[in-house]
Amino acid sequence: MVRILALGWLAFIVILSASKSLGYGHWAWGSIEHFLGGNLQMHFVFAFILSALAHLASSRFWHRGWLLLLLVIGCALDEGLQFVFPLRSFNPMDFLVTCAGLLLAALPFMVLQWRQVKSC
């Protein structure tokens, strides 16, 4: 069930980002952005939820940092694509806040994995 939630959340974020890049759905992402308090808050909250769901849905192997690396690369690609789309603008602060959300949600899983490896 958690895997379905994680995939659904990822699909939601991808669709939201694509619609913003193509100039559609301002009512949707604009309302979410306003509700959460702004663009940076939206980046943090979405990344945090994505990372938490992905870590809950994955095996312990991925908690060693591989999943976090994969998520950071995916977000870097999404932010990097904003150079290409004329309706979007690249902001390094967006990427930093996204990385903070990813890391903060991943940290408990990584610490737990580290403690289990250390105790063996």
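Everything below is about the structure printed above this text.
Just so we're clear, the structure is a prediction, and the values are computed from it rather than from any experiment.

Draft legend 1. Inspection of helix H1 (residues 2-22) at higher detail. Taking 1.5 Å of rise per residue, 21 residues should cover 30 Å, and H1 covers 30 Å from first to last C-alpha, within 8% of that figure. Regarding H1, the residues found buried are Ala6, Trp9, Ile13, Leu16, Ser17, Ser19, Lys20 and Ser21. On its buried face, H1 sits against helix H2 (26-36), helix H3 (39-57) and helix H4 (66-80). A positive backbone phi angle near 85° is found at Gly23, which sits one or two residues after H1.

Draft legend 2. Just a nonpolar patch on the surface, in detail. Together, Phe61, Trp62, Trp66, Leu69, Leu70, Ile73 and Leu77 make up an exposed nonpolar region whose accessible area comes to about 720 Å². In this structure Leu69 comes out as partly exposed when scored by relative accessible area, which is 43%.

Draft legend 3. Here's a closer look at the side chain of Glu79. Secondary-structure assignment places Glu79 in helix H4. Lacking a salt bridge, the buried Glu79 has Arg88 as its closest oppositely charged neighbour, with an N-O distance of 5.4 Å. If we skip the residues at most four places from it in the chain, Glu79 touches His43, Phe90, Asn91, Asp94 and Phe95.

Draft legend 4. Summary view of H4. Look at H4: 21 Å from first C-alpha to last across 15 residues, which is about the 21 Å you get at 1.5 Å a residue. Where H4 is concerned, the buried positions are Leu67, Leu68, Leu71, Cys75 and Glu79. The buried residues of H4 occupy an angular sector of 105° when projected down its axis, which confines them to one face. In H4, the exposed positions that point more than 90 degrees away from the buried face belong to Leu70 and Leu77. As for H4, its buried residues are in contact with H3 and helix H5 (92-119).

Draft legend 5. Region of interest: the nonpolar core. Counting 19 residues, the largest nonpolar core has Trp9, Ile13, Leu16, Phe46, Leu50, Leu71 and Leu102 as the members making the most contacts within it. Elements represented by at least two residues in this core include exactly H1, H2, H3, H4 and H5. Considering every element that reaches this core, the biggest residue donor is H3, with seven residues. Leave out the neighbours within four places in its chain, and Leu16 touches Ala28, Trp29, Ile32 and Phe46.

Draft legend 6. Molecular detail of the environment of Leu40. By the element assignment, Leu40 lies in helix H3. Residues Leu40 and Phe12, spaced 28 residues apart in sequence, show a C-alpha to C-alpha distance of 18 Å. Beyond its immediate sequence surroundings of up to four residues, Leu40 is in contact with Met93, Asp94 and Val97.

Criteria and cut-off values
Residues numbered from 1 in each chain as written. Predicted model: local features only at pLDDT ≥ 70, side-chain atom pairs only at ≥ 80, totals over all residues. Heavy atoms only, no water. Helix = DSSP H or I, 4+ residues; strand = E, 2+ residues; numbered from the N terminus. Expected span 1.5 Å × (residues − 1). Buried < 20%, exposed > 50% of the residue type's maximum accessible area, 1.4 Å probe, protein only. Contact = heavy atoms within 4.5 Å. Patch = residues over 30% accessible without salt bridge, like charges linked within 9 Å, V, L, I, M, F, W, Y side chains within 5 Å. Areas by Shrake-Rupley, 256 points an atom, 1.4 Å probe, with all protein chains shown as cover. Salt bridge = Lys/Arg side-chain N within 4 Å of Asp/Glu carboxyl O. Lys, Arg positive; Asp, Glu negative; His and termini not counted. Arc of directions from axis to C-beta. Core = buried A, V, L, I, M, F, W, Y, C linked by side-chain atoms within 4.5 Å.

Coordinates in, geometry out; function isn't part of it.
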